[in-house]
Amino acid sequence: MVEALLILTALIPAVLSLLLMRKAEVRARAQFRAAMNPSVSHRLGRFYGYPLASDHRYVEGVGYIFGDLTCRFNARSPYIRCAVNPAGPCKDCPHYESIDLGSEDG
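Overview of the pattern of salt bridges
Now for step 1: Inspection of every chain in the model, using the stated rule, returns 2 salt bridges.
Now for step 2: Here Glu25 and Arg29 are joined by a salt bridge, their closest N and O atoms 2.9 Å apart. One end of the pair is Glu25 and the other is Arg29, both in helix H1 (residues 2-35) and 4 residues apart, which spans about a single turn.
Now for step 3: When its relative accessible area of 36% is taken as the criterion, Glu25 is described as partly exposed.
Now for step 4: A salt bridge links Arg72 to Glu97, with the shortest nitrogen-to-oxygen separation between them at 2.9 Å. Note that Arg72 is positioned in the segment after strand E2 (63-66) and Glu97 in the segment after E2, a separation of 25 residues in sequence.
Now for step 5: Relative accessible area serves as the criterion here: at 49%, Arg72 is assigned to the partly exposed category.

Some words on a nonpolar patch on the surface
Now for step 1: Taken together, the side chains of Leu5, Ile7, Leu8, Leu11, Ile12, Val15, Leu16 and Leu19 define a hydrophobic patch exposed on the protein surface, amounting to about 780 Å² of accessible area.
Now for step 2: Along the chain, the position of Leu8 falls in helix H1.

Focus on empty space enclosed by the protein
Now for step 1: By the definition in use, this model includes 1 cavity of 30 Å³ or more.
Now for step 2: Considered as a void within the structure, the largest cavity measures approximately 70 Å³ in volume.
Now for step 3: Lining the largest cavity, in full, are Asp68, Cys71, Cys82, Asn85, Pro89, Cys90, Cys93 and Tyr96.

Structural notes on the environment of Lys91
Now for step 1: Its place among the elements puts Lys91 in the segment after E2.
Now for step 2: As for Lys91 and Gly67, which are separated by 24 residues in sequence, their C-alpha atoms are 9.3 Å apart.

Reading the values: rules and limits
- Residues numbered from 1 in each chain as written.
- Predicted model: local features only at pLDDT ≥ 70, side-chain atom pairs only at ≥ 80, totals over all residues.
- Heavy atoms only, no water.
- Salt bridge = Lys/Arg side-chain N within 4 Å of Asp/Glu carboxyl O.
- Helix = DSSP H or I, 4+ residues; strand = E, 2+ residues; numbered from the N terminus.
- Buried < 20%, exposed > 50% of the residue type's maximum accessible area, 1.4 Å probe, protein only.
- Patch = residues over 30% accessible without salt bridge, like charges linked within 9 Å, V, L, I, M, F, W, Y side chains within 5 Å.
- Areas by Shrake-Rupley, 256 points an atom, 1.4 Å probe, with all protein chains shown as cover.
- 1 Å grid on protein atoms, 1.4 Å probe; cavity = no way out; pocket = protein on both sides within 12 Å on 5 of 7 lines; lining within 4 Å.
- Points joined across faces, edges and corners; volume = space filled by probe spheres on them.

Quick look at the structure:
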């Protein structure tokens, strides 16, 4: 009986530690999901005054990019359109300079 009580007493800290680690892991996953919430980017899109996905395009080998690919100033980024006019829109931009995509250096 005493031996069983000693074994049980020895296991209590390990079990409590396991439960606390599990609770911390669940909390960390929930915080990560909240950080990855797409509503944050949608709020940013409204701040700049453009719909976020209106001119996102997928380019094979590059990924998603934002804005007009034929413009010299395009950032080739999924986050901003260009260095000159990051909030856009690309249509009728006074800084537009066309490039030939076939001869572009990578």
